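# An overview of the molecular structure
Here is how the chains run, residue by residue.
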Amino acid sequence: KAGVTQTPRYLIKTRGQQVTLSCSPISGHRSVSWYQQTPGQGLQFLFEYFSETQRNKGNFPGRFSGRQFSNSRSEMNVSTLELGDSALYLCASRRNTDTQYFGPGTRLTVL
Amino acid sequence: QKEVEQNSGPLSVPEGAIASLNCTYSDRVSQSFFWYRQYSGKSPELIMSIYSNGDKEDGRFTAQLNKASQYVSLLIRDSQPSDSATYLCAVNTPRDYKLSFGAGTTVTVRA
């Protein structure tokens, strides 16, 4: 069974731009979660989607948003990028409340 | 109080020794507990999950859970240089629909 895939793997943007990241979960997994990982803050929860509904949201500004499609694929968007948004963005999927599996991540650099 | 706390690192152990990692959590209704391993620049990889009090062994890894004490641990026996990584403790609280992660403990195995 194929794992979680994320595109793109690397991204360089400048301040003020916006970015969209994509995640395809493991087949049969309906839950997709997004995390931001930085050296200083560790792994921080952004939001979780299940059957196209956002079930939980972390403590991030409104510039961070996401959505999930009917095929369970998910996207997250960051608008008006700031230098501090440079991070590894991880997507994880799971069937219900079971084990969560991570994708390879998208490394975002904001210049 | 943080939801999930791990013993501060870094932890340096000689090759062949036992590495002991500890984790405490704050929410008593937590039901599922996981250990992830993360190599530098890579995404977290699941190595152990535990749901019931007691020990669970998988190869050189043993996870221990004590719900009364709200404590989870991971033992790595016969540590190898390839075990050098950051280990993340994660706790699932169903009502929040999210996994809460500790800050991680970095383990270095000296050859």
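So, a few notes on the structure that sits alongside this text. (Residues numbered from 1 in each chain as written. Chains lettered and ligands numbered in written order. Predicted model: local features only at pLDDT ≥ 70, side-chain atom pairs only at ≥ 80, totals over all residues. Heavy atoms only, no water.)

### Points about the state of the cysteines
Residue and element names in this part refer to chain B. Tallying each qualifying case throughout the model produces two disulfides over all chains. Paired through a disulfide, Cys 23 and Cys 89 show a sulfur-sulfur distance of 2.0 Å. Sign of the S-S torsion, about -70° for the bond between Cys 23 and Cys 89, identifies this disulfide as left-handed. Within this pair, whereas Cys 23 is found in strand E3 (residues 19-25), its partner Cys 89 is found in strand E9 (residues 85-93), the two being separated by 66 residues in sequence. (Disulfide = S-S within 2.5 Å. Helix = DSSP H or I, 4+ residues; strand = E, 2+ residues; numbered from the N terminus.)

### Regarding the sheet that holds strand E1 (residues 5-7) of chain A
Pairing between the strands of a sheet is mediated by backbone hydrogen bonds and can be parallel or antiparallel. Residue and element names in this part refer to chain A. The four strands lie next to each other as E1-E3-E8-E7, forming an open sheet whose pairing is antiparallel. Each edge of the sheet is formed by a strand with only one pairing partner; in this case those strands are E1 and strand E7 (64-68). Averaged over all pairs of adjacent strands, the angle between strand axes in this sheet comes to 20°, irrespective of strand direction. Relative to strand E8 (residues 74-78), E7 runs antiparallel, the two sharing five bridges. Within E8, the position partnered with Phe 64 by the bridge is Val 78. (Pairing = 2+ DSSP bridges. Axes fitted to C-alpha atoms, helices over the stretch in contact; angles between N-to-C directions.)

### Thoughts on the environment of Ala63(B)
All names here are of chain B. Of note, Ala 63 is situated in strand E7 (residues 61-66). Given the relative accessible area of 0%, Ala 63 is considered buried. Considered as a pair, Ala 63 and Leu 75 are 12 residues apart in the sequence and their alpha carbons are 6.4 Å apart. Apart from the residues within four sequence positions on either side, Ala 63 is in contact with Trp 35, Met 48, Ile 50, Gly 54, Asp 55, Lys 56, Ser 73 and Leu 74. (Buried < 20%, exposed > 50% of the residue type's maximum accessible area, 1.4 Å probe, protein only. Contact = heavy atoms within 4.5 Å.)

### Structural notes on the nonpolar core
Membership of the largest hydrophobic core comes to 23 residues, with the highest contact counts inside it found for Trp35(B), Val72(B), Leu74(B) and Tyr87(B). When contributions to this core are tallied by element, the ones reaching two or more residues are E3, strand E4 (32-38), strand E5 (45-50), E7, strand E8 (71-76), E9 and strand E11 (105-110) of chain B. In terms of nonpolar packing, the next biggest core, distinct from the first, is built from 21 residues, Leu11(A), Val19(A), Ile26(A) and Trp34(A) among them. (Core = buried A, V, L, I, M, F, W, Y, C linked by side-chain atoms within 4.5 Å.)

### A word on the interface of chain B and chain A
The extent of an interface is frequently quoted as the accessible surface area lost upon association of the parts. Counting from both sides, the interface comprises 16 residues of chain B and, opposite them, 19 residues of chain A. Here chain B packs against chain A, burying approximately 1400 Å² in sum over the two surfaces, 56% of which is carbon and sulfur. Across the chain B-chain A interface, the total number found is zero salt bridges. Inspection of the region where chain B meets chain A yields five residue pairs in polar contact (both at pLDDT 80 or more). (Buried area = accessible area lost by both parts, 1.4 Å probe. Salt bridge = Lys/Arg side-chain N within 4 Å of Asp/Glu carboxyl O. Polar contact = N/O pair within 3.5 Å; in protein donor to acceptor, adjacent residues only side chain to side chain.)

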